[in-house]
Amino acid sequence: MQRMSLYILPIIGLIATILAGCGRVEHKAENQIAEALQEKIGPARSYDVNICGSPLKLIKGKMERLDIVGQDVQLKNGFKLALLKVSVYGLVFDTDTKEIRRADKTAYSATISQSELTRYLTKTYPDIPDLKVGLRDGLIDVSARPTVAGVGATVKAEADLQAKDGHKLVLDLKKVSAAGIPAPGFAREYIETKINPVLDSRDLGFNATVCSVKLARGSITISGNLDLVPM
């Protein structure tokens, strides 16, 4: 038994040394990924990165899961996200070039502030006069002031948002009014045809799709999948 212990102890020590070294490699890799995201996705107030899985697999270029949380992320196309969460599953990368070879699945959620959504809509629909949006729990308020027979009339709508075609968020109108009066057909048609979609997830980049949407006071959060490999 004593002789066997003499053989086993060095092996246990070697394994412990390898694991400890990989732990440092893992931490270093997280820092390197966080730095790379500033250039790859866009500058942010912060990126927090967490690698899950076997340290030994990491050395071979495999990760079971990679979690990324970005605060105040400025995408390259100018879109600003208050919060970005990304989880990558089954990630395989080249240990030399650090390029991603494969990812089994990449899920994300992106939170957009009311002011950013307003900026996006006014840029997307520049011909809609006095376009405004307000976000609250479960609902979005939209208003505009089109000209009807030479007279400006304020049109307001209260709506939910529904995902459509995997990328678009469209208005599901609950209530429409014009000049404070329950709206005639033109007002409903105006909102539906002029201010839809409210958001196209492809404008975020990375071929992002939408599976769900959550409306809260002052913000909107969309969740779905994205294609990480071309990134």
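Structure's up top.
Residues numbered from 1 in each chain as written. Predicted model: local features only at pLDDT ≥ 70, side-chain atom pairs only at ≥ 80, totals over all residues. Heavy atoms only, no water.

(A) Local environment of helix 4 (residues 185-194). What helix 4 keeps buried is the set Ala187, Tyr190 and Ile191. Here the buried residues of helix 4 occupy an arc of 90° about the axis, which is enough to place them on one side. Of the exposed residues in helix 4, the ones pointing more than 90 degrees away from its buried face are Gly185, Glu189 and Thr193. On its buried face, helix 4 is in contact with strand 6 (139-144), strand 9 (155-164) and strand 10 (168-178). (Buried < 20%, exposed > 50% of the residue type's maximum accessible area, 1.4 Å probe, protein only. Helix = DSSP H or I, 4+ residues; strand = E, 2+ residues; numbered from the N terminus. Arc of directions from axis to C-beta. Contact = heavy atoms within 4.5 Å.)

(B) Structural view of the pattern of salt bridges. Taken as a whole and judged by the stated rule, the model has nine salt bridges. Between arginine 136 and glutamate 158 there is a salt bridge, with its nearest N and O atoms 2.6 Å apart. You can see arginine 136 sitting in strand 5 (residues 132-136) and its partner glutamate 158 sitting in strand 9, a full 22 residues away along the chain. On the basis of relative accessibility, which here comes to 26%, the residue arginine 136 falls in the partly exposed class. Aspartate 172 serves as the salt-bridge partner of lysine 174, at 3.2 Å between the closest nitrogen and oxygen. For aspartate 172, a relative accessible area of 27% puts it in the partly exposed group. Linked by salt bridges that have partners in common, Arg136, Asp141 and Glu158 make up one network. (Salt bridge = Lys/Arg side-chain N within 4 Å of Asp/Glu carboxyl O.)

(C) Summary view of the environment of glycine 53. Looking at the element boundaries, glycine 53 is found in the loop between strand 1 (44-52) and helix 2 (55-59). On the accessibility criterion, glycine 53 (35% relative accessible area) is partly exposed. The sequence separation of glycine 53 and glycine 90 amounts to 37 residues, and the corresponding C-alpha distance is 9.9 Å.

(D) How the structure looks around the packing of aromatic side chains. Inspection of the entire model under this criterion finds one aromatic pair. Geometrically, the ring pair formed by phenylalanine 79 and tyrosine 120 is tilted, given 5.3 Å between the ring centres and 50° between the ring planes. Of the two residues, phenylalanine 79 is situated in the loop between strand 2 (62-74) and strand 3 (80-93) and tyrosine 120 in helix 3 (residues 114-124); the sequence distance between them amounts to 41 residues. In terms of burial, phenylalanine 79 and tyrosine 120 fall into one category: buried. (Phe/Tyr/Trp six-rings, centres within 6.5 Å; stacked < 30°, edge-to-face > 60°.)

(E) Quick look at unusual backbone geometry. The peptide bond linking asparagine 196 to proline 197 adopts the cis configuration, its omega dihedral lying at -5°. On the secondary structure map, proline 197 appears in the loop between helix 4 and strand 12 (199-200). Positive phi, close to 60°, is recorded for aspartate 165, a residue that is not glycine. With respect to the secondary-structure elements, aspartate 165 resides in the loop between strand 9 and strand 10. Taking relative accessible area as the criterion, aspartate 165 reaches 59% and is therefore assigned exposed.

(F) Seen up close, the sheet that holds strand 13 (residues 212-216). Pairing within the open sheet is antiparallel, and its six strands lie in the order 1-2-3-4-14-13. Two strands bound the open sheet, and with one partner strand each, they are strand 1 and strand 13. Across this sheet, the average inter-strand angle for adjacent strands is 15°, counted without regard to direction. Relative to strand 14 (residues 219-225), strand 4 (residues 100-113) is paired through seven bridges, and the arrangement is antiparallel. Note on strand 14: the bridge partner recorded for serine 113 is serine 219. Contacting strand 3, strand 4 and strand 14, helix 3 runs over the sheet at an angle of about 100° to strand 4. (Pairing = 2+ DSSP bridges. Axes fitted to C-alpha atoms, helices over the stretch in contact; angles between N-to-C directions.)

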